[in-house]
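Read off the chains here:
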Amino acid sequence: MKKRTFWIVMCILSICNGAFFFKASYNAMNRGIEGVDNQAGLLFIPVLWVMAVLVLVMIAVFTWVFGKQMNKDRIIWLRNPVQLSGLSPKEKVCRMIFIFATGFLMLLGYGLFANDPVWAVAYAFSGGALFVFLHTWIKASVQHHQGQNS
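This is a predicted model, so every value here is computed, not measured.

Criteria and cut-off values
- Residues numbered from 1 in each chain as written.
- Predicted model: local features only at pLDDT ≥ 70, side-chain atom pairs only at ≥ 80, totals over all residues.
- Heavy atoms only, no water.
- Helix = DSSP H or I, 4+ residues; strand = E, 2+ residues; numbered from the N terminus.
- Buried < 20%, exposed > 50% of the residue type's maximum accessible area, 1.4 Å probe, protein only.
- Patch = residues over 30% accessible without salt bridge, like charges linked within 9 Å, V, L, I, M, F, W, Y side chains within 5 Å.
- Areas by Shrake-Rupley, 256 points an atom, 1.4 Å probe, with all protein chains shown as cover.
- Salt bridge = Lys/Arg side-chain N within 4 Å of Asp/Glu carboxyl O.
- Axes fitted to C-alpha atoms, helices over the stretch in contact; angles between N-to-C directions.
- Parallel < 35°, antiparallel > 145°, perpendicular 65-115°, else oblique.
- Contact = heavy atoms within 4.5 Å.
- Nonpolar A, V, L, I, M, F, W, Y, C, P; charged D, E, K, R; others polar.

Colleague: Hey, could you go over the environment of Leu48 for me, with residue numbers and the actual values?
Modeller: With respect to the helices, strands and loops of the structure, Leu48 is situated in helix 2 (residues 45-67). Looking at Leu48, the relative accessible area reads 29%, which means it is partly exposed. Residues Leu48 and Lys3 lie 45 residues apart in sequence; the distance between their C-alpha atoms is 31 Å.

Colleague: Any chance you could break down a nonpolar patch on the surface for me, citing the residues and the numbers?
Modeller: Where nonpolar side chains cluster on the molecular surface, the patch consists of Val53, Val57, Val61, Trp64 and Val65 and spans about 450 Å² of accessible area. Turning to its location among the elements, Val65 is positioned in helix 2. Among the residues examined, Val65 registers a relative accessible area of 47% and is labelled partly exposed.

Colleague: Tell me about the pattern of salt bridges, and please be specific about residues and values.
Modeller: Close approach of charged atoms allows side chains with opposite charge to pair. Tallied over the full model, the rule gives one salt bridge. Two residues, Asp73 and Lys2, come together in a salt bridge whose shortest N-O distance is 3.8 Å. Here Asp73 is found in the loop between helix 2 and helix 3 (89-112), whereas its partner Lys2 is found in the segment before helix 1 (3-31), with 71 residues between them in sequence. When its relative accessible area of 43% is taken as the criterion, Asp73 is described as partly exposed.

Colleague: Pulling in residues and values, what's your account of the packing of helix 1 against helix 2?
Modeller: Packed helices, taken two at a time, are described by the angle their axes make and the gap between the axes. Contact geometry of helix 1 with helix 2 gives a least axis separation of 10 Å together with a crossing angle of 175°. Of the possible angle classes, the one that applies to helix 1 and helix 2 is roughly antiparallel. Along its contact with helix 1, which presents Lys3, Trp7, Met10, Cys11, Ser14, Ile15, Gly18, Phe21, Phe22, Ser25, Tyr26 and Met29, the element helix 2 presents Ile45, Pro46, Leu48, Trp49, Ala52, Leu56, Ala60, Thr63, Trp64 and Gly67. Partitioning the contact of helix 1 with helix 2 into residue classes produces 16 nonpolar, five polar and one charged.

Structure follows, in structure tokens:
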């Protein structure tokens, strides 16, 4: 994908992730939590919505700043985070740690809203995909800057 298209898809994905978080947490707030006597803690959820919006805006701004110096015709391959061939043993270990960390974070994301499986799966997978997009974007930006310094 070209740089600009990649960035736009990444931003749309972050908005979808935020929307899934909103819907799942809204459902949890309306439903309540089984076995909990004090449901007042659920009133904190709207504060999380505000924080989530701030995070999404920060992601968009920081990725735009990181990618600003890259050539506009730069092609970014989404398969790079999961491709292990041609890497040094140290890079393979780092890549495997990234893959397992992404899976673990997806499980945590699912666990947040497991009582609402459709939204939990949507939130977990969009979060995992966003994590892969962010990793790929940062790697492409770092490669660009290293290429300029050589």
